[in-house]
Amino acid sequence: MIPSLIHFQPRWREELVATSPEGTLVFELTMGELHVRFPDLELWVSSVPDWAREHWETFMIACQSWSSGKGIPFSVVHNTFVYGLAE
């Protein structure tokens, strides 16, 4: 998967929606002070749908690039959430 094929859209629930050709994932985007909290590899593997398990690095790079381009801090953490949306 190519990072540039992943598109990001914030939504009102302190969430960042990442849409890719394979499916959609949701990450934490805090709103008080904007900050993207991206799951570490262990949390990723235990939380994402099967199609996404091998794409941690791709999503991480794409999300970090999006965050940087928007001037939003980005952290990889073990205490956040990620989940898939049914298409």
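This report concerns the structure included in the present document.

Definitions and cut-offs
Residues numbered from 1 in each chain as written. Predicted model: local features only at pLDDT ≥ 70, side-chain atom pairs only at ≥ 80, totals over all residues. Heavy atoms only, no water. Helix = DSSP H or I, 4+ residues; strand = E, 2+ residues; numbered from the N terminus. Rg over C-alpha atoms; globule rule 2.2 N^0.38 Å. Expected span 1.5 Å × (residues − 1). Buried < 20%, exposed > 50% of the residue type's maximum accessible area, 1.4 Å probe, protein only. Contact = heavy atoms within 4.5 Å. Salt bridge = Lys/Arg side-chain N within 4 Å of Asp/Glu carboxyl O. Polar contact = N/O pair within 3.5 Å; in protein donor to acceptor, adjacent residues only side chain to side chain. Core = buried A, V, L, I, M, F, W, Y, C linked by side-chain atoms within 4.5 Å.

## Observations concerning the overall build of the chain
The secondary structure content of the chain amounts to 2 helices and 6 strands. Going from N to C terminus, the chain has its helices and strands arranged as β-β-β-β-α-α-β-β. Radius of gyration (C-alpha) of the chain: 12 Å, near the 12 Å computed for a compact globule of 87 residues. In terms of its C-alpha atoms, the chain occupies a principal-axis envelope of roughly 30 × 25 × 20 Å.

## Concerning helix α2 (residues 56–70)
Counted at 1.5 Å a residue, the expected span for α2 with its 15 residues is 21 Å, and the 21 Å between its end C-alpha atoms agrees. Every buried residue of α2 is accounted for by Trp56, Thr58, Phe59, Met60, Ala62, Cys63, Trp66 and Ser67. Turning to α2, the residues buried within the fold contact β1 (7–11), β2 (15–19), β3 (24–30), β4 (35–39), α1 (41–47) and β5 (74–77). In the stretch just after α2, Gly71 is the one whose phi turns positive, near 75°.

## A closer look at the pattern of salt bridges
Counted under the stated rule, the structure contains 3 salt bridges. Here Arg11 makes a salt bridge to Glu15, at a shortest N to O gap of 2.7 Å. You can call Arg11 partly exposed: its relative accessible area is 22%. The salt bridge partner of Arg37 is Glu28, with a shortest N-O separation of 2.9 Å. Its relative accessible area of 15% is what places Glu28 among the buried residues.

## Quick look at the side chain of Glu28
Tracing the sequence through the fold places Glu28 in strand β3. Within the structure, Glu28 has its side chain in polar contact with the side chain of Arg37 (distance 2.9 Å). Polar contacts involving the side chain of Glu28 include one to the side chain of Thr80, which spans 2.6 Å. When neighbours within four sequence positions are excluded, Glu28 is seen to be in contact with Glu14, His35, Val36, Arg37, Asn79, Thr80 and Phe81.

## Some words on the nonpolar core
Counting 21 residues, the largest nonpolar core has Phe8, Phe27, Phe38 and Trp44 as the members making the most contacts within it. Listed by contribution, the elements that provide at least two residues to this core are β2, β3, β4 and α2. Broken down by element, this core gets its largest block of residues, 6 residues, from α2. Sequence-distant contacts of Phe8, defined by excluding residues within four places in its chain, comprise Leu16, Val17, Ala18, Phe27, Ala62, Cys63 and Trp66.

## Digging into the environment of Trp44
With respect to the helices, strands and loops of the structure, Trp44 is situated in helix α1. Sequence separation between Trp44 and Ser4 is 40 residues, and the spatial gap between their C-alpha atoms is 20 Å. Once residues lying within four places of it in the same chain are set aside, the contact partners of Trp44 are Leu25, Phe27, Phe38, Pro39, Ala52, Arg53, His55, Trp56, Phe59 and Val82. Of the polar contacts made by the side chain of Trp44, one reaches the backbone oxygen of Ala52; its length is 3.1 Å.

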